[in-house]
Every structure is written in C-alpha cells, then in structure tokens.
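Each chain is listed here by its residues.
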Amino acid sequence: MLIWGLGLCLAGVVLLRIALREGRRAALFSNAFWATFPEFARYRLRRLWPAPLGLAGVILLIWGLVLLFRSVLAYYAARLGHPLT
C-alpha cells in the first residue's frame, strides 16, 4: 500500500509538472488567451489538452496521499494500538 501511494504521488506530480509546463507554453494562464478565446475557439480548443492532464495529475496525487495516510495510520495503529481502547 505504501509503495502504491508513493508511486501514485510521484505520477501525479510528474503529470502536474508536464501540464503546468505545457500550459505555460500554450499561454493558458494569460489573460490574452481567454480574452480572445471566443474569436478563435476552434483553434484554441486544440490547445486546451494540458487541462485534463493536470486534472489527472491532481486526482492521482490525492489518491496517492490518501493511500500514504492510510498506510501510516495502519502502521501506527498496529504498533501502538487503537487510541480509543
């Protein structure tokens, strides 16, 4: 579980870095891109591909962090016992 969590976190961070780099290259974070979006919508839609990639990166990162937290919690629960008992 711990290795899966670390792997998912690493994959999520890599996908986020790629999405941010490509988003900067495609000028997705600029005001001019979104101000001229209606006029050039057909062309601009092809340049939005980093957005779903970034969303996938965030989902993988959160999933990996949940798995890491569960494994650490299970480790300490097994080592120290449940706090309510």
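Cut-off values and rules
Residue numbers here run from 1 along each chain, matching the order of that chain's written sequence. Per-residue local features are limited, in this predicted model, to residues with pLDDT of at least 70; the limit for side-chain atom pairs, both in listing and counting, is 80 or more; totals at the level of whole chains, interfaces and linings are taken over all residues. Only hydrogens and water are set aside; all other atoms, that is, all heavy atoms of the structure, feed into the side-chain values. Among buried residues, those of type Ala, Val, Leu, Ile, Met, Phe, Trp, Tyr and Cys that are joined through side-chain atoms within 4.5 Å constitute a nonpolar core. Exposure is judged per residue with a 1.4 Å probe applied to protein chains only, and the accessible area is read against the type maximum: over 50% gives exposed, under 20% gives buried, and values in between give partly exposed. We call two residues in contact when some of their heavy atoms are within 4.5 Å. Any carboxyl oxygen of Asp or Glu within 4 Å of a side-chain nitrogen of Lys or Arg constitutes a salt bridge here. Only runs of H or I of at least four residues qualify as helices and only runs of E of at least two qualify as strands under DSSP, and these elements are numbered from the N terminus. Each patch is built from residues lacking any salt bridge and having more than 30% relative accessible area; the joining distance is 9 Å for like charges and 5 Å for nonpolar side chains (Val, Leu, Ile, Met, Phe, Trp, Tyr). Using the Shrake-Rupley algorithm and a 1.4 Å probe, accessible areas are obtained, with residue cover drawn only from the displayed protein chains. Expected span of a helix, by definition, is 1.5 Å for each gap between consecutive residues, and there is one gap fewer than residues. pLDDT is a residue-level measure of predictor confidence that goes from 0 to 100. Note on aromatic contacts: the rings of Phe and Tyr and the six-membered ring of Trp form a pair at centre separations within 6.5 Å, being stacked when their planes are under 30 degrees apart, edge-to-face when over 60 apart, and tilted otherwise.

K.L.:
With reference to specific residues and values, describe the nonpolar core.
P.N.:
By size, the foremost hydrophobic cluster in this structure holds 5 residues: Ala26, Leu28, Phe33, Phe37 and Leu48. Residues contacting Leu28, with those up to four places away along its chain left out, are Gly23, Phe33, Trp34, Arg47, Leu48 and Pro50.

K.L.:
Just give me the short version of the pattern of salt bridges, but keep the residues and values in it.
P.N.:
One pass over the full model with this rule turns up 1 salt bridge. Residue Arg25 is joined to Glu22 by a salt bridge in which the shortest nitrogen-to-oxygen separation is 3.4 Å. Remark: Glu22 and Arg25 occur in helix 1 (residues 2–25); sequence separation between them is 3 residues, near one turn of the helix.

K.L.:
Explain a nonpolar patch on the surface to me, using residue names and the numbers behind them.
P.N.:
On the surface, a nonpolar cluster with roughly 450 Å² of combined accessible area is contributed by Val72, Tyr75, Tyr76 and Leu80. Along the chain, Tyr75 falls in helix 4 (residues 50–80).

K.L.:
Could you give an account of helix 1, naming the residues involved and the relevant values?
P.N.:
For helix 1, spanning 24 residues, the distance from its first C-alpha to its last is 35 Å, which sits close to the expected 34 Å at 1.5 Å a residue. Within the span of helix 1, buried status applies to Gly5, Leu8, Cys9, Gly12, Ala19, Glu22 and Gly23. Turning to helix 1, the residues buried within the fold contact helix 4. Directly beyond the C-terminal end of helix 1, a positive phi value near 65° is found at Ala27.

K.L.:
Lay out the confidence of the model for the protein chain with the relevant residues and their values.
P.N.:
Do not read the predicted coordinates in detail wherever pLDDT is low. Averaged over all residues, the pLDDT of the protein chain equals 87, while 95% of them reach at least 70. Considering each helix and strand of the protein chain separately, the mean pLDDT is smallest for helix 3 (residues 41–45), with a value of 80, and largest for helix 1, with 92.

K.L.:
A description of the packing of aromatic side chains should follow, citing residues and the corresponding values.
P.N.:
A ring pair, where both rings are aromatic, is described by two values, the distance of the centres and the angle of the planes. Taken as a whole, this structure holds 4 aromatic pairs when the rule is applied. Relative to Trp34, the ring of Phe33 has its centre 4.9 Å away and its plane inclined at 80°; by these criteria the two rings are edge-to-face. Classification of Trp34 as partly exposed rests on a relative accessible area of 44%. Taken together, a centroid distance of 6.1 Å and an interplanar angle of 50° make the contact between Phe33 and Phe37 tilted. You'll find Phe33 and Phe37 in the same group, each marked buried. In textbook terms, an aromatic cluster arises when at least three aromatic residues are bridged by ring pairs, as seen for Phe33, Trp34 and Phe37.

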